[in-house]
Amino acid sequence: MTSKTETSEGAMAEYVTAVIGGQLFGLPISRVQDVFMPERLTRVPLASSEIAGVLNLRGRIVTVVDMRARLGLPKADDGQLPMAVGVDQRGESYGLLIDQIGEVLRLPDDSREDNPVNLDPRMAKLAGGVHRLDGQLMVVLDVDRVLELVPKTDPRTAAAA
């Protein structure tokens, strides 16, 4: 599967859309492996709050990332069961916990803009640009940035070590 296709109008990109905390996000379709309902999530002791847990998905151990926690949003209290978008990075399987899945959008590459200066900093650090849709802003998630879960080293503690 590729995320970019050439048409007579120019290069097009395809995104799987998801809603997290009322905000529309787009994930490049080339990075999405599957969409699933996470069941039997096992908490990981001492893991950061961004790691919701691990689960077995068709024989593979999948680390599930809570996108609300990753974006600094409060836990959902609407009673809806979360969904997950399966992605791979360097041979490891991850599930991104989202509020709801949307449709696949095919958008022209040249309509993608850099992050606006007024984009919430929590979103901006995980975004690879935006698309302005009819009355709505779709934030393009940079999956590599989302999966940078290792805490940044504090230079003050690194010097003391």
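Conventions and cut-offs
Residues numbered from 1 in each chain as written. Predicted model: local features only at pLDDT ≥ 70, side-chain atom pairs only at ≥ 80, totals over all residues. Heavy atoms only, no water. Salt bridge = Lys/Arg side-chain N within 4 Å of Asp/Glu carboxyl O. Helix = DSSP H or I, 4+ residues; strand = E, 2+ residues; numbered from the N terminus. Buried < 20%, exposed > 50% of the residue type's maximum accessible area, 1.4 Å probe, protein only.

Per an unreviewed UniProt entry, the protein goes by the name Purine-binding chemotaxis protein CheW and belongs to Bradyrhizobium elkanii.

Going through the model one piece at a time under the given rule, you end up with nine salt bridges. For Asp144, the salt bridge is made with Arg31, and the minimal N-O distance between the two is 3.1 Å. You can see Asp144 sitting in helix H3 (residues 143-146) and its partner Arg31 sitting in the loop between strand S3 (23-28) and strand S4 (32-36), a full 113 residues away along the chain. Residue classification places Asp144 among the partly exposed residues on the basis of a relative accessible area of 36%. Across the pair Glu50 and Arg70 runs a salt bridge whose closest N-O atoms are separated by 3.6 Å. Here the residue Glu50 occupies a position in the loop between S4 and strand S5 (51-57), and Arg70 occupies one in helix H1 (residues 67-70), the gap between them amounting to 20 residues. We classify Glu50 as buried; its relative accessible area is 18%. Given a relative accessible area of 7%, Arg70 falls into the buried group.

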